[in-house]
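Descriptive structure summary
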Amino acid sequence: MTEPEAKALLAAAGIAVPRGVVVPGPGFAAAAELRAPLVLKGIGPLHKSDVGAVRLGLTHAELPSAAAEMAGRAPLSGYLVEEQVMPGIELIAGLVRDPGFGPVLLAGLGGVFTEALRDTAVRLCPITESDARRMLASLRGAPLLHGYRAAAPVDVDAVVELLLALGGDGGLWERLELGEFEVNPAIATPSGVVAVDARYIPEAVPGDRAVPAAADFLPLFEPRAVAVVGASATRPNFGNMFLDFYKAAGTPVVAVHPSAAEISGVPAVPSLEAADVDYALVALPAARCPDVVRQAGRVPYVQVMSGGFGETGATELEAELVAAARAAGTRLLGPNCMGVYCPRGRQTFVGGGLGAPGGIALVSQSGGLAGEVIKVGERRGLRFSRVATAGNAADVSPAELVRWLAGDAETTAIGLYLEDPRDGRALAEALAGCAKPVALLVGGRSGQGRLAAASHTGGMVGDERIWRALAEQTGAALVGSQDDLIGALAYFQAHSGRPAGSGGVLVVGPSGGASVLAADVLDRAGLLLDPLPGAALDDLRRLGVGVGSSLANPLEIPVGPRGRQELVGEVIAAIVGRQPYRDVVAHVNVQSFFTYGTRAEPLLGYAGALAAAQDGVAARITLVTRNAEYAPAGVEDEIRAIAAAAGIPVYRSMEAAAAAVAAGGLHGSA
């Protein structure tokens, strides 16, 4: 589409464009009513700047010669003559259809800021006014918009209106066959914003993935019985391993085998058609899986563990597998996934027995990572409600699972590990509609990570900024590592439903140096350390705090084997009782208790005092056990047990605690 046609779309949407006319050339009488200085642009299938098809500051008399010069450089179908817009701040605003998330709005400062510094922000469409203002505020060059070095501020409201006209409800994004639509530059001045250049590349909108009817995933997580397809009667394999897992969990299970009457002490049936189960696990070579899935008409859910589908380039085989599931009337989990874990439903894909049931759900495209989160998480006290590995997500998608978990009475918080959203718009809608706290870990956000993700799940993830936009627009907490994912879920579990103050974070603990470093860590995590309330200072002095040190946040208090254990609770109560704090981070140097003492009792007593303090304050308390590896075997577990009974999460480092507290801050009541 030509620039004049693109600008006509902008004008129809209420976006100001320069006054101008299109002329075929060489005569320019039609431009006589325009006021100089003028801008002349060539029209044709070209990049105007690359071939010199843009001239600024022209008079009417200079138009013919400038046009002739342009025509000598490139084939042109005509010319656009416009009144030149007064100087201002150059901006870029554009729409693009992301393969995973659909229409996305980009905005930023134009010129070198876009090309060299990538000073831009993105949001998924539709955006709100708040989204638009936050996009502009996030730019490194944002001060230029508000008046820099005595320059007049631009009309930011007009810029916001431009962004909404493109990406808001009813915006151009809804009406375009969107490949790419770009306004670059738009000139912002104190009196408004004008789109001086526009480009539109239409593209047929890909068919939206059909949204299945809301599924009841309860049989997936709590099946009456399970079938395992692929166990061997002679040579133990993955299928046999899963039979052992289910036997150990006490799950009603049958094996599917064409000739054996039983396998590993489990009764066998000749085909999936003969299995009266809610869930079937298929562990066979990829090429054999579609035929097996076609037999699953009586089975609500079939999980294909096998790899060798889309993640390896075998997209036709994956499509055949999905078609087989559709024909059988069953839902497909995977392929290329490990399965489901649910202590309540005796569902498992990991060894070592079932943990205690709880309220933490996890949806992961990596089965291996999900297994690690389960086992490491349970070791640290996490209790799971539902865990589903989605693999290639060829049928059952993360979005569907999130939508169901949002209404699941057994689930209080959700963790996600994703590499390819498959249906990013549905995922965004599911997250936006979820009132429960969500922690999101994304694999493949770096250039090298994207290559790894492509070989792992068969999908290239979107630009890192799109994932950040998804998190900001839906309220999900975007975390950076597996450990931070576990830590955020531990925070959600500990403080689920606990009301908290509206303030920032209070840090209390020994060692001025450790406290200073803690302040740095929390600052990098975006957490605010509110000053201590003046009304509490006298109370703190009466408690003996502040002798030889300043009274500030972080607050240094004597914590050690010879300290008074109850002091930490008294200090927290004195401060929080005078001023609301959302979170209190208490840190302790475990090493000191065994360097200057020999018994664990003082340390356990400190943990008990902190637990008692949690019952008496509205703030949410977090404990950091620095140098915990110095404690004798079993002591750390005892500390965690004392803290867990009071709903206090425990972390080994301030960095881990800061990531969890920052994630929890996105949900005021966790």
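See the structure above.
Now for a quick tour of the structure. (Residues numbered from 1 in each chain as written. Predicted model: local features only at pLDDT ≥ 70, side-chain atom pairs only at ≥ 80, totals over all residues. Heavy atoms only, no water.)

**Focus on the state of the cysteines**
Keep this limit in mind: Any cysteine sulfur atom paired with another within 2.5 Å is treated as part of a disulfide. Classification of residues uses two cut-offs on accessible area relative to the type maximum, computed with a 1.4 Å probe and protein chains only: under 20% is buried, over 50% is exposed, and between them is partly exposed.
For the structure on display, the rule yields 0 disulfides. Summary of cysteine pairing: C337 is not part of a disulfide, and the nearest cysteine sulfur, belonging to C289, is at 11 Å. Residue classification places C337 among the buried positions, given a relative accessible area of 2%. Here C342 is not disulfide-linked; the sulfur of C337 is the nearest cysteine sulfur, at 16 Å.

**Re the sheet that holds strand β13 (residues 262-263)**
The cut-off we apply is this: Two strands are said to pair when DSSP picks up at least two bridges between them. Elements are defined by DSSP. Helices are runs of H or I of four residues or more, strands are runs of E of two residues or more, and each kind is numbered from the N terminus.
Across the sheet, 7 strands lie side by side as β13-β14-β12-β11-β15-β16-β17; this open sheet has mixed pairing. Every interior strand has two partners, whereas the edge strands, β13 and β17 (331-333), have only one. Both strand β12 (residues 253-256) and strand β14 (residues 266-269) contribute to a ladder of 2 bridges, which runs parallel. Within β14, the residue paired with A255 across the bridge is A268.

**So, the pattern of salt bridges**
Side chains bearing opposite charge may pair, as long as their charged atoms lie close to each other. Selection criterion: Any carboxyl oxygen of Asp or Glu within 4 Å of a side-chain nitrogen of Lys or Arg constitutes a salt bridge here.
By the definition in use, this model includes 41 salt bridges. Across the salt bridge formed by E69 and R73, the nearest N and O atoms sit 2.5 Å from each other. You can call R73 partly exposed: its relative accessible area is 43%. The shortest N-O distance in the salt bridge between R578 and D539 comes to 3.2 Å. Pair noted here: R578 is in the loop between α19 (567-576) and β26 (583-589) and D539 is in helix α18 (residues 537-542), with a separation of 39 residues, a long-range link. Given the relative accessible area of 48%, R578 is considered partly exposed. Residue class for D539 comes out buried when judged on its relative accessible area of 17%. A network of salt bridges, in which partner residues are shared, links E3, K7, K41 and E82.

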